[in-house]
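Understanding the architecture of this molecule
For reference, the chains in residue letters:
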Amino acid sequence: MKNTIALLACLLAATPAMWAQNGYLEQLKVENRSVEKVNRNVRVTADFNLDGMNLNTQHSLRLVPVIVSADGTHEQPLDPVVVNGKVRSKVIERQQALGNTKEDDAPAVRRTNGKPQTLHYADEVPFKVWMLNGRLDLRAYVTGCAACDEGDELLATGGILPYEEPQYLMQPPAQPKEEVVKHRSEVRMARLQYRQDGDVVLPNYKTNREELDKVQASVDAVKENADLTITGIYVTGYASPEATVRYNLDLSKRRAQKFVAYVQKQNPELDKKLWHVDWKGEDWVGLRAEVEKATTLPRKEEVLKIIDDCQGDQDACEAQLKALQPASIYRQLLSEQYPPLRRNEYRIEYNVRNYTLEETRRMLQSRPDLVSVAEIQKVADSYGRNTDGYRQALQVAVRTYPDNIAARHNAALAEIETGHYAEAIALLKDATDGGLLNLLGVAYQKNGQTSEADAAFAKAGQAGSDEAARNLQMLRQSVEMLAE
């Protein structure tokens, strides 16, 4: 008779469970829910308000918060909490007292239906990147009499740990300054050979014909270009250190003056007012460069030290070079390192007319140095921003005018916006301007080089870039958010 009554009690208890199994979480309120990243953990806190829950006295309700990834492929259960009905709670207590049930580490409370009751929940789990933009579900597992499974329920409490890739700040394309007058210059060297102590230009002496032909060709290239107007020709004479400083200064003067006279005679149509002559005498800076390049010069480091220490009496310094032993050292200097120093440098300055869009487009293929950065920018804009034509035109601008900040900025920005991050880094890695360094930081970050991006943003901020200071803050917050 007792067994029959017990079985009937179970059947009667099971009847309301058939509808209650999908209703308990509807009766529960999740309040003050918080999911936050704390150091390398995720902390979940909430209040489970049971005031409206009418729990079957035979039931045990196991509540398990679960972190679920946005795509549903990962999940992390948190510590559960158990709510027992009145009868179920007494049964569990009796079984535990008799040692007839396994220990359950989950904290358990008894539900007293009809009375206010709130469970304060808190737990932490290690953070994983997949948790970003995920959700927190609350799952309920219901058991009834004789531990029979009464089904389970699910309550989605909403999204957690919202994260978006930072939108780093970058200045828009810069407008290059227009050149009111496009002023250009070309620097050349003429290494003529003279008879001993001579200063007369001898066209047919040794290799002079070839040198003079080069000079005339460079003058013709400017003189015969209708787009150019010569504004000045500047000649500077140099000498090697043998003989005295005073003598060599005068020698470099006479050779420069007679060189100019010779070239003027070949180009009588050029106004003589365009010509300007200067002379420097002995070229010790050039001597050091020539010695540095030498690969067979004995006692090279000692020669360099004499040159580097020569701050006053250059005649005395030259005497030290002569005194070096073996004597072949000085003979080699005379035959190999001194001759390149005996030269005239000349610079032809000229103005360039402005070009139309189509003319500029053609000039980019042949003489980009004759068009301005502003003209090149107009060609780039004509292709449409961030097209291949746009990028290629800006690359020409940087190659032609590597020190122009606007050209470098626009070219690097175009590379970043089209996903060519390595190319942008190559354009910017030697930058010192704050705006360019900020772009470098963005390029590094998008290329996955976070530490380099941090350093670039910090340097850019020190150089005065407000955008970089904000970008550095966003970067470090992002790094902290992603750290596991």
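Structure shown above.
Just so you know, these numbers come straight off a predicted model, no measurement behind them.

When helices and strands are tallied, the protein shows 17 helices and 13 strands. Taken over the C-alpha trace, the protein has a radius of gyration of 43 Å; the compact-globule value for 484 residues is 23 Å, which it surpasses by more than 25%. In terms of principal-axis extent, the alpha carbons of the protein reach across some 140 × 60 × 30 Å. In the protein, the share of contacts with a sequence separation of at least 24, taken over all contacts with a separation of at least 6, comes to 68%. Summed over all atoms, the accessible surface of the protein reaches about 25,900 Å², with 51% contributed by carbon and sulfur. Positive and negative side-chain charges of the protein, numbering 61 and 69 respectively, have mean locations separated by a distance of 2 Å.

A separate point is the sheet that holds strand β2 (residues 41-49). Strand order in the open sheet formed by 3 strands is β1-β2-β7, and the pairing between neighbours is antiparallel. Where the open sheet ends on each side, the last strands, each with one partner, are β1 (29-38) and β7 (118-126). Geometrically, the sheet is characterised by an average inter-axis angle of 10° between neighbouring strands, direction not taken into account. Pairing between β2 and β7: 9 bridges, direction antiparallel. Bridge pairing in β7 links Val44 to Asp123.

One can describe the packing of helix α12 (residues 388-400) onto helix α13 (residues 405-417) by two numbers: an axis separation of 9 Å at closest approach and a directional angle of 145°. Along this stretch, α12 crosses α13, giving a crossing that reads as left-handed. Contacts from Tyr390, Arg391, Leu394, Gln395, Ala397 and Val398 in α12 reach Ala407, Arg408, Asn410, Ala411, Ala414 and Glu415 in α13.

Further remarks concern the environment of Arg391. Mapped onto the fold, Arg391 is located in helix α12. Of the residues examined, Arg391 reaches a relative accessible area of 12% and is grouped as buried. Excluding residues that lie within four positions of it along the chain, Arg391 makes contacts with Ala414, Glu415, Thr418 and His420.

Across all of its chains, the model carries 4 aromatic pairs by this definition. In this structure, Lys37 packs its charged tip against the face of Phe127, placed 4.7 Å from the ring centre. The ring of Tyr234 carries the charged tip of Arg347 above its face, separated from the ring centre by 4.5 Å.

A word on the side chain of Arg184. Counting through the fold element by element, Arg184 comes out in strand β10 (residues 182-190). Within the local environment of Arg184, its side chain forms a polar contact with the backbone oxygen of Val371, the two atoms lying 3.4 Å apart. In this structure the side chain of Arg184 is engaged in a polar contact, spanning 2.9 Å, whose partner is the side chain of Tyr401. Dropping the residues within four chain positions of it, Arg184 is found in contact with Glu179, Ile348, Glu349, Tyr350, Val352, Asp369, Val371, Ser372 and Tyr401.

The subject of this paragraph is the pattern of salt bridges. All told, the structure shown has 38 salt bridges when counted by the stated rule. Where Asp213 meets Arg209, a salt bridge forms, and the shortest distance between an N and an O atom there is 3.7 Å. Separated by 4 residues within a single helix, Asp213 and Arg209 lie in helix α4 (residues 208-223), roughly one turn from each other. Note on Asp213: relative accessible area 41%, which makes it partly exposed. Arg209 sits in the partly exposed class, given a relative accessible area of 36%. Among the ionic contacts, a cluster of salt bridges with common partners joins Glu186, Arg188, Arg367 and Asp369.

The sheet built from 4 strands is open, its strands ordered β10-β13-β11-β12 with mixed pairing. Of all strands in the sheet, those bounded by a partner on one side alone are β10 and β12 (275-282). Averaged over all adjacent pairs, the angle separating strand axes in this sheet is 20°, with direction ignored. Relative to β12, strand β11 (residues 228-239) runs parallel, the two being bridged by 7 bridges. Along β12, the bridge assignment pairs Thr236 with Asp278. Packing against the sheet, α4 makes contact with β10, β11 and β13 (343-352), and its axis sits at approximately 10° to β13.

What counts and how
- Per chain, residue numbering runs from 1 following the sequence as it is written.
- Only residues with pLDDT of at least 70 get local features here, since the model is predicted, and only at 80 or more are side-chain atom pairs given and counted; chain-wide, interface and lining totals rely on the full set of residues.
- As a rule here, side-chain values cover all heavy atoms of the structure and leave hydrogens and water aside.
- Numbering of helices and strands runs from the N terminus; a helix is a DSSP stretch of H or I covering at least four residues, while a strand is a stretch of E covering at least two.
- The globule rule is 2.2 Å times the number of residues to the power 0.38, and the radius of gyration it is compared with is taken over C-alpha atoms.
- In what follows, a contact means two residues having at least one pair of non-hydrogen atoms within 4.5 Å.
- Note on areas: Shrake-Rupley with a 1.4 Å probe; residue coverage comes only from the protein chains shown.
- Positive charges come from Lys and Arg, negative ones from Asp and Glu, while His and the chain ends are left out of the count.
- Where a charge sits is defined by one atom per residue type, namely NZ (Lys), CZ (Arg), CG (Asp) or CD (Glu).
- We treat two strands as partners when DSSP finds at least two bridges between them.
- All axes are obtained by fitting lines to C-alpha atoms, using only the stretch in contact for helices, and the reported angles, taken between N-to-C directions, cover 0 to 180 degrees.
- By definition, turning the near helix anticlockwise from the far helix through less than a right angle yields a left-handed crossing, and turning it clockwise yields a right-handed one.
- Per-residue accessibility, obtained with a 1.4 Å probe over protein chains only, is compared with the maximum for each type, and a residue is labelled buried under 20%, exposed over 50%, and partly exposed between these values.
- Stacked, edge-to-face and tilted labels apply to pairs of Phe, Tyr and Trp rings (six-membered ring for Trp) whose centres lie within 6.5 Å, assigned for plane angles under 30 degrees, over 60, and everything in between, in that order.
- By definition, being over a ring means that NZ of Lys or CZ of Arg is both within 6 Å of the ring centre and within 35 degrees of the ring normal.
- Here a polar contact means two N or O atoms within 3.5 Å. Within protein one must be a hydrogen donor candidate and the other an acceptor candidate, and residues neighboring in sequence count only if both atoms are side-chain atoms.
- Criterion for a salt bridge: a side-chain nitrogen of Lys or Arg within 4 Å of a carboxyl oxygen of Asp or Glu.

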